[in-house]
Amino acid sequence: MESPTRKEILHNFQTGVIDAEECFCMIVSLDGYDSTRQHFLKNIDFLRLTNPKKYNELFTVFANYFEKPPSGAFLDPIGCSVENGYLTSDFGYELEVELASALSLQDQNESLNSKASYVSVVQEPVSKQRNTSSNSERNQPENVNNSFSKNVEEDNGSVTSSVKSKKRKNKGSTNRPVVYWFRRDLRLYDNPALFEAASMNVPVILVFLWSESEEDPEGVVAAGGATKLWLHHALNHLDKSISDRYNNRIIYRKTQSCQREILSLIEETGAKALLINDVYEPFLKQRDDKICSELQRKGIECKRFHSYLLHEPGSVSAESVGMRGVGSVTHFMECCRQSDARPIGHPLDYPPTLPKPDQFPSSSSLHDLELAKMPRRKDGSIIDWAAPIVRQWDFGEEGAWKALELFLSEGVRKYEKESCRADHLNTCRISPYLHFGQISPRAVLEEARHMKSPKFLRKLAWRDLSYWLLTLWPDLPSQPTRVHYRDQAWSRDPGHLKAWQRGRTGFPLVDAAMRQLWLEGWINNYLRHVVASFLISYLRLHWVEGYRWFQDTLLDADVAINAMMWQNGGMSGLDQWNFVMHPVDAALTCDPDGAYVRKWCPEIAALPNDFIHQPWKCPPSILRRCGIKLGETYPNRVISDLEGAREQSLTDVVNVRKKHPEFVDRRTGNDLVPLPDGLCVPVITRKEFKYKLHHPEAKDNPHTAVLRGYRSRKRDEAIAFANERDFMASAMNESVKLTERRLKATQYEAL
Ligand SMILES: Cc1cc2nc3c(=O)[nH]c(=O)nc-3n(C[C@H](O)[C@H](O)[C@H](O)COP(=O)(O)OP(=O)(O)OC[C@H]3O[C@@H](n4cnc5c(N)ncnc54)[C@H](O)[C@@H]3O)c2cc1C
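Residues numbered from 1 in each chain as written. Predicted model: local features only at pLDDT ≥ 70, side-chain atom pairs only at ≥ 80, totals over all residues.

If you look the protein up in an unreviewed UniProt entry, it shows as Photolyase/cryptochrome alpha/beta domain-containing protein from Magallana gigas. Taken verbatim from the UniProt record of the protein, the Sequence similarities (unreviewed entry) comment is "Belongs to the DNA photolyase class-1 family." (UniProt positions renumbered as here; feature names shortened; annotations may be inferred.)

Student: So, the site of the ligand: which residues are in play, and what are the values?
Tutor: With respect to spatial proximity, 28 residues lie near the ligand, and among them Thr 427, Cys 428, Ser 431, Lys 459 and Asn 562 are the closest. Contributing elements (two or more residues each) for the shell around the ligand: helix H18 (431-435), helix H20 (454-472), helix H23 (525-538) and helix H25 (559-569). (Near = placed C-beta within 6 Å. Helix = DSSP H or I, 4+ residues; strand = E, 2+ residues; numbered from the N terminus.)

Student: Could you give an account of the environment of Ile 18, naming the residues involved and the relevant values?
Tutor: As for its position among the elements, Ile 18 is in the loop between helix H1 (6-14) and helix H2 (20-31). The class of Ile 18 is buried, set by 25 C-beta atoms lying within 10 Å. For Ile 18 and Thr 739, which are 721 residues apart along the polypeptide, the C-alpha to C-alpha distance reads 8.9 Å. (Buried ≥ 20, exposed ≤ 12 C-beta atoms within 10 Å, placed from the backbone.)

Student: Residues and numbers for the confidence of the model for the protein, please.
Tutor: Across the protein, the average pLDDT comes to 83, with 81% of residues at or above 70. This model gives residues 68-129 a pLDDT under 50, and the stretch forms 153 contacts once residues within four places in sequence are excluded. Contacts of residues 711-716 to residues separated by more than four positions or lying in other chains number 6 contacts, the stretch itself having pLDDT below 50. (pLDDT = per-residue confidence, 0-100. Contact = placed C-beta atoms within 7 Å.)

Student: Please provide a residue-by-residue account of the UniProt feature "site: Electron transfer via tryptophanyl radical" (unreviewed entry) in the protein, values included.
Tutor: The UniProt record annotates "site: Electron transfer via tryptophanyl radical" (unreviewed entry) at Trp 490, Trp 543 and Trp 566. In this structure, Trp 490 sits in the loop between H20 and helix H21 (494-502). If sequence neighbours within four positions are ignored, Trp 490 has contacts with Arg 540, Leu 541 and His 542. When you line up the elements, Trp 543 lands in helix H24 (residues 543-553). Beyond its immediate sequence surroundings of up to four residues, Trp 543 is in contact with Ile 536, Trp 566, Gln 567, Gly 569 and Gly 570.

Student: Now, about the packing of helix H22 (residues 508-520) against H23: what can you tell me, with residues and values included?
Tutor: Where H22 contacts H23, the two axes come as close as 10 Å, and the packing angle between them is 115°. Crossing geometry of H22 relative to H23 is assigned as left-handed. Residues Leu 509, Val 510, Ala 513 and Met 514 of H22 form the contact with H23, whose own contacting residues are Leu 527, Val 530, Val 531 and Phe 534. (Axes fitted to C-alpha atoms, helices over the stretch in contact; angles between N-to-C directions. Left-handed = near helix turned anticlockwise from the far one by under 90°.)

Next up, the structure:
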């Protein structure tokens, strides 16, 4: 099909087939960025007289796009598809872009510009300085967050007499120690609170507290088995580094109440201050706020620092940006850009010294915390599920740097277009380290910003976004943000859930990914999308089940990120995924030769390539030759009618939208979401849902979200090559596809 001419695009706009932003996007695709900037207004001038309203609509889009040069770049010609005034496609769309390998060079440059607005750091790569420990001005901690009390007053709290007497010993001493509380900042490099503790020139008491009830409130699964295992090993490494480097050590305590324990430690040691790096889960932040105000009441200084994210959630406001596109990373990046947030700053060196106290307070052993305790069988033998994970990972701070360095020297080159590959490691694999603060996001940013991978840098924005959302919606892990989706019907088949969890669904890619998750505690982003789509859109099981399983089995399980992703996949998040991954087509894209499936599903490894992703299609004679008996040596598919299951999932969503017309915007058909302040805003809504609402009986949905992927690597590579060489080709390709879909929709409606 010929791509539409400018005249045809404008005609479609005038006749209402496409709206102003779609029209603009297509023209940018056709004419290119510079030419549109120069000639667009001249080209639409004729509308000024014939249709001033339409002219104004186009003019507004044009002005918005070009008036804010760097951030406007997010309306990139390929990723942009605008619906009823709301961006339907932002960088959440990058998954599709990833599949299509359609990021053009110009696109990348524009994205880089937009990233530069999000990131305000210009400096040498940090690896060059990481081993130095100078006190240069540049590396002083600049982000003291909240120093409650500068003047240390005498403690007037109630304490036991023995503690009081110890404290009396320290009273008046100029050398009173400080307590440094390790939490999600298990590192020595670029650790602002630790650096500050070191610079106070007094003994530093390093503490780690474990309170299961506080860390893991009911229903959140914040401390799953895998993350506790990681925590155990990470602490072990950290303690060793502290001992080697500073001749100091960590005091461990298991407690019911961190507040009680901190107060008691401070009394016991006569410490004059507590230093912490903030954490942002609302339930932990509330606890910390309480502890700090209690210390303040007692005249103890509480120094809080920010380092877990690039931007503190509270510092990012949508005030000057508005709520259009809220939940998308583009909207969030724009909010960051326009908010009065503290600069990200530069990584700090290792603390030069961390003097140990004259006398250490009592401490449990790390093992007493029981973070890595394995279950036992009835006969008393241990079920060591952790063994394969422990073999796989380097749990220390240095492990984070090795992973980052490996990625930046190799994987990053393939990240833009091939991060989906299951059979090659093309991503960074630093998520557990980032989760536990073994590497800071700004250190990652500093290292990676010189690489030409805007997509990778954007991931750090996604990470910040998730905490922003969790701060606004503290019940993100369990309650649909699109509130009416609470009434959605879901399947409750426990057999299906178990098959999914154990990697026994009969769909090799899904099974391979779920087995890798269980045995390694990690799978890449693409595979997380595949297994999430399968659970939600084919098995029709509630997304909360997926969230909970991931929380228990992922080493990087992160309440904010995981909840945001499962909400979006489960249709009820603000940034509803605009795609569904098909378990076979996705496999052809991410594992074209079946190497990944063969590794994790060895029982079907002998199958020829043509059948490795769909053994049910394999002729019985070949199955026999390969020694495979479906239903015995490898499971039969848990569902065979994928299309039927998908159709039912669509109907479930449509029913909920029908039931709650008060949450559907009558003009645009988008879902309405109540914000925490009560205001209802329209949010991006999948076109297939809108179409289905109005055409419940239609057999075909022109807006189907199922990604078919690419049938062969050859075609994939050819497209990637063409796209790299020819930006216009890929952009036009997109607009043709868009027009095709639109024409199909209008033809359908005309019938
Ligand atoms: C259903 C689902 C659940 C997920 N649950 C988690 C989770 O519990 N914890 C977690 O860290 N990531 C989660 N992700 C996001 C992403 O899959 C992982 O961060 C990524 O696979 C980690 O591998 P990597 O370090 O190689 O990532 P890279 O692609 O190399 O990215 C670098 C870092 O950016 C951050 N990041 C990447 N993607 C995202 C994202 N979409 N949102 C927020 N931050 C991101 C991570 O910290 C990651 O380590 C989830 C994704 C999906 C689809």
